[in-house]
Amino acid sequence: MLQLTNVVTDRGSKYAVSGGKVTSRKEADAFLKELKRSKKFAKATHNTWAVLMDDGTPLKSDDGESGAGLVILRMLEREELKDHIVVVTRWYGGTKLGGDRFRRVQDCVRAYLEALT
């Protein structure tokens, strides 16, 4: 599991990004379970994620951050990164970010993709 913490802070909200190789929904669920073993991540406001399976099947979850899973999925599709889950974690800071929340998700995914290379 590759994990980058404190990637972005915006108006009190803090973001982290994690990811790793998965080849099935079962492995994606196991990855999320492992991530949430850390109390810090289990108590996060949102753990949004996506994975593009090798056969092209998209899997994603917004975890209450409407539309965020799709943002992650689209970035994975553009990079043609398959069988690799990316989870963007947000700890809400008390101020709504509006559309900026999608920019912060993109910032996290970009940081993760750069860390992979």
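Look up a bit, the structure's there.
Residues numbered from 1 in each chain as written. Predicted model: local features only at pLDDT ≥ 70, side-chain atom pairs only at ≥ 80, totals over all residues. Heavy atoms only, no water.

Asker: In this structure, what is going on with the overall build of the protein chain? I would like to understand it.
Answerer: Of the regular secondary structure elements, the protein chain holds four helices and five strands. In sequence order, the protein chain lays out its α and β elements as β-β-α-α-β-β-α-β-α. Taken over C-alpha atoms, the radius of gyration comes to 13 Å for the protein chain, in line with the 13 Å a tight globule of 117 residues would show. In terms of its C-alpha atoms, the protein chain occupies a principal-axis envelope of roughly 40 × 30 × 25 Å. Burial status across the protein chain gives 43% buried among its 117 residues. Pairs at least 24 apart in sequence give 66% of the contacts found in the protein chain among residues at least 6 apart. When the accessible surface of the protein chain is split by element, carbon and sulfur atoms take 46% of a total near 6200 Å². Separation between the mean location of the 21 positive side-chain charges and that of the 16 negative ones in the protein chain comes to 8 Å. (Helix = DSSP H or I, 4+ residues; strand = E, 2+ residues; numbered from the N terminus. Rg over C-alpha atoms; globule rule 2.2 N^0.38 Å. Buried < 20%, exposed > 50% of the residue type's maximum accessible area, 1.4 Å probe, protein only. Contact = heavy atoms within 4.5 Å. Areas by Shrake-Rupley, 256 points an atom, 1.4 Å probe, with all protein chains shown as cover. Lys, Arg positive; Asp, Glu negative; His and termini not counted. Charge placed at Lys NZ, Arg CZ, Asp CG, Glu CD.)

Asker: Explain the packing of aromatic side chains here, please?
Answerer: Here a ring pair, both rings aromatic, is described through the centre-centre distance and the interplanar angle of the planes. Applying the stated criterion to the full structure yields one aromatic pair. Between Phe41 and Trp91 the ring centres are 5.3 Å apart and the planes differ by 65 degrees, which places this aromatic pair in the edge-to-face class. Here Trp91 lies in strand E5 (residues 84–91) and Phe41 lies in helix H2 (residues 39–42), a separation of 50 residues in the sequence. For the pair Phe41 and Trp91, one class covers both residues: buried. The ring of Trp91 carries Lys40 above its face, with NZ or CZ at 5.2 Å from the centroid. (Phe/Tyr/Trp six-rings, centres within 6.5 Å; stacked < 30°, edge-to-face > 60°. Lys NZ or Arg CZ within 6 Å of the ring centre and 35° of its normal.)

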